[in-house]
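# Descriptive structure summary
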Amino acid sequence: MLLAQTKMNFVWYLFRDGEMMFWALAMPIFFLVLFSFAFGFGNTTQASAFLVPGLIGAQVLTLGFFGVGVMLAQFREQKVLRRIYLTPLPPWVFFAALVLYRLTLLAFQSSILALAGSVFFHVHFTGNVLDMIAMLAIGALTFVSLGTLVGAVTKTAESANNLASVLTVPLAFLSDAYIPLDRFPSTVSAPLHLLPSTQFIDALRGVTTGGEPLAHFSLWIVVLLCWALGGMLLSARIFRWV
Amino acid sequence: MTDPSIAVTRLVKRFGEVEAVRGIDFEIMPGTIFGLLGRNGAGKTTTLECCIGLTKPSSGCVRMLGLDPSNPRELARLRPRFGAQLQTTSLPEKARVGEMLELYARYYALRPATAALCERVGLLGKERQPVGGLSGGERQRLALALAIQHDPEIAFLDEPTAGMDAYGRRVLWGEVEHLRRTGKTVILTTHYIEEAERLCDEICIVQQGRIIARDTPARLIAGAGGGSTITVEAEGFAPRNGIARAGRWRHEAPGNGEGARWVLATELDPGPVLAEVVRAVDEQGAQLHALDMRRATLEDAFLNLTGERIAEDAEAGAA
């Protein structure tokens, strides 16, 4: 049932939606090329080694806040959730199918970014593959959970969209995704290190292109999982299907 | 004594300041086609939504098959046992008709019988059409198919023919007849008089969140001064002798100056009365311009009970 529902999510919201296909697959590459030249100052390989994990991290934020949060708010506004609510389909299956669809899409996007990085910009992925996947999964869990909260606290799709934008865009710029935090004055960058998005993106970069083991980031991982748990518990309490 | 399929007790639903449902009670026995008839905004849909757990009652309670739909756990047990076609739900625009039917079959752990179902609701050949490309009536028929595919014990139909053409209404009426034959309970809301009169075993007339009358269509008509109206336009005619006692005669100003118009309201069987009228016209040597007989309808009963017409588009709906 979960797989059937997930498959329909792909078919309905990706394959039959040309615009969505473009945004999902072409935009990350577009960002990579643009930012590499904009921030690279000549050494695009070094810039890409920084940007590829950053862009993947930003994709994770987008997945949580837009891919799950705004989608849920839209489903509620379009009264799709109400119809599902009347069927015996367990709510968690519907939710899990949406997350699974988004995670699979993320896996594709990350692979394309990683491939583009290594082919065009000679980025070396020095880390352990399992570490990379685990870190990505932890981040996805955290931001899916916080994204669900976005869908739960907002009443309309528009307000969900606004909230998601307000969270995603600044977070991506302030969380070491596109711009290295050490370019900020330390009084600004110090508090930014407390953001879950910063901790996730730094950890992801550490285990992918930084050559660090996952264990280096144990504390941050625990903090991220706390965010995930908090978001989940709160969403479960306040999320409305109808 | 069998238990009712649905029992609604002192149901009240407030939305902020607005009291949409103000104390509704009814019981529906298994196998009944039950109609909530009322104008738009009378509280019919809210009542229906309380019955299936989409809306939480402000006070009062609902029991469906002995279970409480406002309790999530009991609602989970009820879901496989009822089906609903609601105005306030929708389907993904890019999903195809066939996909929806197959997916819903899986929700109910059924083997999909898509072609047969499409044939039943007149969507044969539309299996590959996306929901977004369906007409309003086709969407309604798809919603109907999704509501009855799993052969539920109770079907909730909210304004099921709104936006449907004559063909769609026939399909729906046929399916309701099918549900009746198979002993299912149907609860439907409508503001189409003809639909209520034709389909329902019992009707509740809802006005401003309250039930103001509940009976079979025939008894509602009879109770609200049912009977017939005979209109005679004939020069030189006057109700005299036997036909004068057939009912209440009223003299009306002629419509076009072509002689008098007499209107008779009678409780008697209109056939023989009509024959008497024709004989009287003949005997009086009057010249007949127009003769019209109309039995009282549910519309008349509704007007009498509520003091208002059901809807501005009632004529369009009955067409």
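About the thresholds
Residues numbered from 1 in each chain as written. Chains lettered and ligands numbered in written order. Predicted model: local features only at pLDDT ≥ 70, side-chain atom pairs only at ≥ 80, totals over all residues. Heavy atoms only, no water. Helix = DSSP H or I, 4+ residues; strand = E, 2+ residues; numbered from the N terminus. Buried < 20%, exposed > 50% of the residue type's maximum accessible area, 1.4 Å probe, protein only. Contact = heavy atoms within 4.5 Å. Areas by Shrake-Rupley, 256 points an atom, 1.4 Å probe, with all protein chains shown as cover. Lys, Arg positive; Asp, Glu negative; His and termini not counted. Charge placed at Lys NZ, Arg CZ, Asp CG, Glu CD. Rg over C-alpha atoms; globule rule 2.2 N^0.38 Å. Expected span 1.5 Å × (residues − 1). Pairing = 2+ DSSP bridges. Phe/Tyr/Trp six-rings, centres within 6.5 Å; stacked < 30°, edge-to-face > 60°. Lys NZ or Arg CZ within 6 Å of the ring centre and 35° of its normal. 1 Å grid on protein atoms, 1.4 Å probe; cavity = no way out; pocket = protein on both sides within 12 Å on 5 of 7 lines; lining within 4 Å. Points joined across faces, edges and corners; volume = space filled by probe spheres on them. Nonpolar A, V, L, I, M, F, W, Y, C, P; charged D, E, K, R; others polar. Buried area = accessible area lost by both parts, 1.4 Å probe. Salt bridge = Lys/Arg side-chain N within 4 Å of Asp/Glu carboxyl O. Polar contact = N/O pair within 3.5 Å; in protein donor to acceptor, adjacent residues only side chain to side chain. Domains from an automatic or database assignment. Axes fitted to C-alpha atoms, helices over the stretch in contact; angles between N-to-C directions.

Broken down by element type, chain B carries eleven helices and 13 strands. In terms of overall dimensions, chain B has C-alpha extents of about 75 × 45 × 40 Å along its principal axes. The proportion of buried residues among the 319 residues of chain B is 50%. Long-range contacts, defined as pairs at least 24 residues apart, comprise 67% of the intrachain contacts of chain B with a sequence gap of at least 6. In the form shown here, chain B has an accessible surface area of approximately 14,600 Å², with 48% of it arising from carbon and sulfur atoms. The averaged location of the 43 negative side-chain charges in chain B is 6 Å from the averaged location of its 39 positive side-chain charges.

A tally of regular secondary structure across chain A gives ten helices and zero strands. Walking chain A from its N terminus toward its C terminus, one meets helices and strands in the order α-α-α-α-α-α-α-α-α-α. Here chain A has a C-alpha radius of gyration of 18 Å; the compact-globule value for 242 residues is 18 Å, and the two agree. Taking all 242 residues of chain A together, 52% fall into the buried category. Pairs at least 24 apart in sequence give 80% of the contacts found in chain A among residues at least 6 apart. As presented, chain A carries roughly 10,900 Å² of accessible surface, and 73% of it is formed by carbon and sulfur atoms.

With that settled, consider helix α9 (residues 196–208) of chain A. Three or four residues apart is the spacing at which side chains of an α-helix point the same way, because the helix has 3.6 residues per turn. Look at α9(A): 18 Å from first C-alpha to last across 13 residues, which is about the 18 Å you get at 1.5 Å a residue. Along α9(A), 13 of the 13 residues are buried, which leaves the element largely enclosed by surrounding structure.

With that settled, consider the environment of A:V11. Along the chain, the position of A:V11 falls in helix α1 (residues 2–15). By relative accessible area, A:V11 is classed as buried at 13%. Along the primary structure A:V11 and A:F35 are separated by 24 residues, whereas in three dimensions their C-alpha atoms are 31 Å apart. Discounting chain neighbours no more than four positions away, the residues touching A:V11 are A:R16 and B:E99.

Let us look at the pairing of strand β3 (residues 33–37) of chain B. Residues and elements named next belong to chain B. Taken across its five residues, β3 has five buried, putting it largely inside the fold. With burial as the criterion, each face of β3 is covered, one bearing I33, G35 and L37 and the other bearing F34 and L36. Two elements, β3 and strand β7 (residues 185–190), share five bridges in a ladder whose sense is parallel. Looking at the pairing, L36 lines up with T189 of β7. Here β3 pairs with strand β8 (residues 202–207) via four bridges, running parallel. Of the residues in β8, the one forming a bridge with G35 is I203.

Here we come to the packing of aromatic side chains. Enumeration according to the criterion identifies 18 aromatic pairs over all chains in this entry. Residues A:W12 and A:Y13 carry aromatic rings whose centres are separated by 6.2 Å and whose planes lie at 90° to one another, so their mutual orientation is edge-to-face. A network of ring pairs unites the aromatic residues A:W12, A:Y13, A:F75, A:Y85, A:F94, A:F239 and A:W241 as a single cluster. Here the basic side chain of A:R205 rests over the ring of A:F50, its NZ or CZ set 3.6 Å away from the ring centre. Over the ring of A:Y85 we find B:R79; its NZ or CZ atom is 4.7 Å from the centre of that ring.

The subject of this paragraph is empty space enclosed by the protein. Counted by the stated rule, this structure contains one cavity of 30 Å³ or more. Counted as a void, the largest cavity has a volume near 70 Å³. Every residue lining the largest cavity is counted, 14 residues in all, and those nearest its centre are A:W12, A:V80, A:I84, B:P92 and B:M100. Ranked by the residues each element gives to the lining of the largest cavity, the list is headed by α1(A), at four residues. Per-class residue counts for the lining of the largest cavity are ten nonpolar, three polar and one charged.

A word on the layout of surface pockets. Residues and elements named next belong to chain A. Considered as a void within the structure, the largest pocket measures approximately 1,200 Å³ in volume. Lining the largest pocket are 40 residues, and of these M20, W23, T62, F66 and R102 sit closest to its centre. Within the residue set of the lining of the largest pocket, elements represented by two or more residues are α1, α2 (18–40), α3 (44–77), α5 (91–120) and α7 (157–174). Ranked by residues supplied to the lining of the largest pocket, first place goes to α3 with eleven residues. Here the lining of the largest pocket is built from residues that sort into 27 nonpolar, nine polar and four charged.

With 27 residues of chain B at the interface, the matching set in chain A holds 21 residues. For the chain B and chain A pair, buried surface summed over both sides reaches about 2,300 Å², with 59% attributable to carbon and sulfur atoms. At the junction of chain B and chain A, the tally comes to three salt bridges. Across the salt bridge formed by A:R82 and B:E49, the nearest N and O atoms sit 2.8 Å from each other. Inspection of the chain B/chain A interface yields eleven residue pairs in polar contact (both at pLDDT 80 or more).

Moving on to the domain arrangement of chain B. Size of an interface: often given as the accessible area lost when the parts come together. Assigned domains of chain B: these are domain 1 (6–223) and domain 2 (227–294). Between the C-alpha centres of domain 1 of chain B and domain 2 of chain B there is a distance of 44 Å.

The strands making up a sheet associate through hydrogen bonds between their backbones, and the pairing can be parallel or antiparallel. Residues and elements named next belong to chain B. Spatially, the six strands line up as an open sheet ordered β5-β6-β7-β3-β8-β9, and their pairing is mixed. Across the chains shown, the open sheet's two edge strands, defined by having one partner strand only, are β5 (82–85) and β9 (210–215). Across the sheet, the axes of successive neighbouring strands diverge by a mean angle of 15°, strand direction being ignored. In terms of strand pairing, β8 meets β9 through five bridges, oriented antiparallel. Among the inter-strand pairings, C204 is bridged to a residue of β9, identified as R214. Each of β3, β6 (154–158), β7 and β8 is contacted by helix α1 (residues 44–51), which is oriented at about 150° to β6, the strand it contacts most.

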